[in-house]
Amino acid sequence: MLIDLTHPITPRIPVYFPWHPATEVTQTANYEEHRCIVTAITIGTHTGTHIDAPRHVLEGGRGIDEYDTRLWMLEAFVCDLSPREAQKGITADELQSLPIPRGSAVILKTGWDARFGDAEYYKTYPPLTNDAAEYLVQLGVPLIAADTPYTLDVHYIFLKKGIPLVTNLNNTSKLSEGNVMLISAPLLIEHGDGAPARVFALVEGVS
Ligand SMILES: [Zn+2]
């Protein structure tokens, strides 16, 4: 079964800091005049469900368009950390107690996707701690995904190593702990520091 892990793009999609642009979805043609409709979309590269590339925080770093496409479909281990208290950091100890296969991508499920759109989402999410991020780097994760944002420190820890961050997943309640195939498809933006993405989990044995 294919599970859609993407938040829809709408004009109501929340953004974090003021330097992230507001999302706009505007119709620029109409059926009466043009016999078709067309829509202009304004969206930040770090809005909604999206993927961060090293260039986001490292000058001259790799762009989202410079990855081997094999990275966008790979085995991932779902770490079920839900339900989760607000702001309760995800620690290295917690992750060490889970059977994450070496070299597998990781999906952090906290349940915070249900709060996406709340004004407090960016202030209350349970963050991956620096120690836990370092542990995942040591485990050889090729990619990290979560139903939350990440701290700026954690961005640096992964992006310094070229490991992309899949951010603000949706529907993680439909995932159970264990292995899935993670399909992450960022828009192919030339030299992109990040890009909105459509993300799916392919789960075997579930229909
Ligand atoms: Zn981002």
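Cut-off values and rules
Starting from 1, residues in each chain are numbered consecutively following that chain's sequence as written. The model is predicted, so local features are restricted to residues of pLDDT at least 70 and side-chain atom pairs to those at 80 or more, both for listing and for counting; the totals for chains, interfaces and linings are taken over all residues. Here a strand is any run of E in DSSP of at least two residues, a helix any run of H or I of at least four, and the numbering for each starts at the N terminus. Working definition of burial: number of other C-beta atoms within 10 Å of the residue's own, with buried at 20 or more, exposed at 12 or fewer, and partly exposed in between, all C-beta atoms being placed from the backbone. We call two residues in contact if the C-beta atoms placed from their backbones are at most 7 Å apart. As a rule, the C-alpha atoms of each element are fitted with a line to give its axis, helices using only the stretch in contact, and angles between N-to-C directions run from 0 to 180 degrees. Every angle not falling under 35 degrees, over 145, or within 65 to 115 is termed oblique; those three ranges are roughly parallel, roughly antiparallel and roughly perpendicular. Left-handed describes a crossing whose near helix is turned anticlockwise from the far helix by less than a right angle; the clockwise case is right-handed. Residue type decides the class: Asp, Glu, Lys and Arg count as charged, Ala, Val, Leu, Ile, Met, Phe, Trp, Tyr, Cys and Pro as nonpolar, and the leftover types, Gly among them, as polar. Two strands qualify as a pair provided DSSP detects at least 2 bridges between them. Note on terminology: a nonpolar core is a set of buried residues of type Ala, Val, Leu, Ile, Met, Phe, Trp, Tyr or Cys, with members joined through C-beta atoms within 7 Å. In this description, the arc belongs to the directions extending from the helix axis to the C-beta atoms.

Chemist: Where do I start with the overall build of the chain in this structure?
Modeler: Secondary structure summary: the chain contains five helices and ten strands in total. Projected onto the principal axes, the alpha-carbon positions of the chain cover approximately 60 × 45 × 35 Å. Across the 207 residues in the chain, those meeting the buried criterion constitute 37%. By sequence separation, contacts in the chain at least 24 residues apart represent 70% of the contacts at least 6 residues apart.

Chemist: Looking at this model, I keep getting lost on the environment of Gly140. Mind explaining?
Modeler: Position of Gly140 among the secondary structure elements: in the loop between helix 4 (130-139) and strand 7 (144-146). Judged by C-beta crowding, with 13 C-beta atoms within 10 Å, Gly140 ranks as partly exposed. Contact partners of Gly140, with chain neighbours within four places excluded, come to Arg102 and Gly103.

Chemist: What is the right way to read the packing of helix 4 against helix 5 (residues 152-159) from this model?
Modeler: Helices that pack against each other are described as a pair by the angle of their axes relative to one another and the distance between those axes. Close contact between helix 4 and helix 5 brings their axes to 9 Å; oriented N to C, the two are set at 15°. In terms of orientation, helix 4 lies roughly parallel with respect to helix 5. The two elements helix 4 and helix 5 meet at a crossing, and its hand is right-handed. For the pair helix 4 and helix 5, the contacting residues are Asn130, Ala133, Glu134 and Val137 in the first and Asp153, Val154, Ile157 and Phe158 in the second. A per-class count over the contact of helix 4 with helix 5 returns five nonpolar, one polar and two charged.

Chemist: Quick question: what am I supposed to make of the pairing of strand 10 (residues 194-202) here?
Modeler: Walk down a regular strand and you will see the side chains alternate between the two sheet faces. Bridge count between strand 1 (residues 2-4) and strand 10: three bridges; the pairing is antiparallel. Pairing of Asp4 across the sheet is with Phe200, part of strand 10. Here strand 4 (residues 50-52) pairs with strand 10 via three bridges, running antiparallel. Paired with Ile51 across the two strands is Ala195, which belongs to strand 10. Sheet topology note: the strand 9 (residues 178-186)/strand 10 ladder contains six bridges and is antiparallel. Residue pairing in the sheet places Ile183 in a bridge with Phe200 of strand 10.

Chemist: I keep staring at the nonpolar core and nothing clicks. Help me out?
Modeler: Generally speaking, soluble globular proteins have nonpolar side chains that are buried together. Grouped together as the largest cluster of nonpolar side chains are 41 residues, with contacts concentrated most on Ala76, Cys79, Val106, Ile107, Ile144, Ala145 and Val166. Contributions of two or more residues to this core are made by strand 5 (73-80), strand 6 (105-109), helix 4, strand 7, helix 5, strand 8 (165-167), strand 9 and strand 10. When neighbours within four sequence positions are excluded, Val166 is seen to be in contact with Ile51, Leu143, Ile144, Ala145, Ser184, Ala197 and Val199.

Chemist: Can you help me understand helix 4 in this one?
Modeler: In an α-helix there are 3.6 residues to a turn, and that puts residues three or four apart on one side. Listed as buried for helix 4 are Ala132, Ala133 and Leu136. Take helix 4 and look down its axis: the buried residues cluster within an arc of 100°, on one side only. Lining the buried residues of helix 4 we find helix 2 (92-96), strand 6, strand 7 and helix 5. Count one or two residues on from helix 4 and you reach Gly140, which has phi positive near 85°.

Chemist: Explain unusual backbone geometry to me, please; I cannot follow it from the model alone.
Modeler: Keep in mind that most residues, glycine aside, have a negative phi and that most peptide bonds are trans. Going from Ser82 to Pro83, the amide bond is cis rather than trans, its omega being -10°. Along the chain, Pro83 falls in the loop between strand 5 and helix 2. The phi torsion at Asn168 lies on the positive side, around 60°, for a residue other than glycine. Here Asn168 lies in the loop between strand 8 and strand 9. Under the C-beta neighbour-count criterion, Asn168 is labelled buried, with 29 such atoms within 10 Å. In this structure, His191 is a non-glycine residue whose phi angle is positive, near 55°. Summarising the element assignment, His191 is placed in the loop between strand 9 and strand 10. Judged by C-beta crowding, with 11 C-beta atoms within 10 Å, His191 ranks as exposed.

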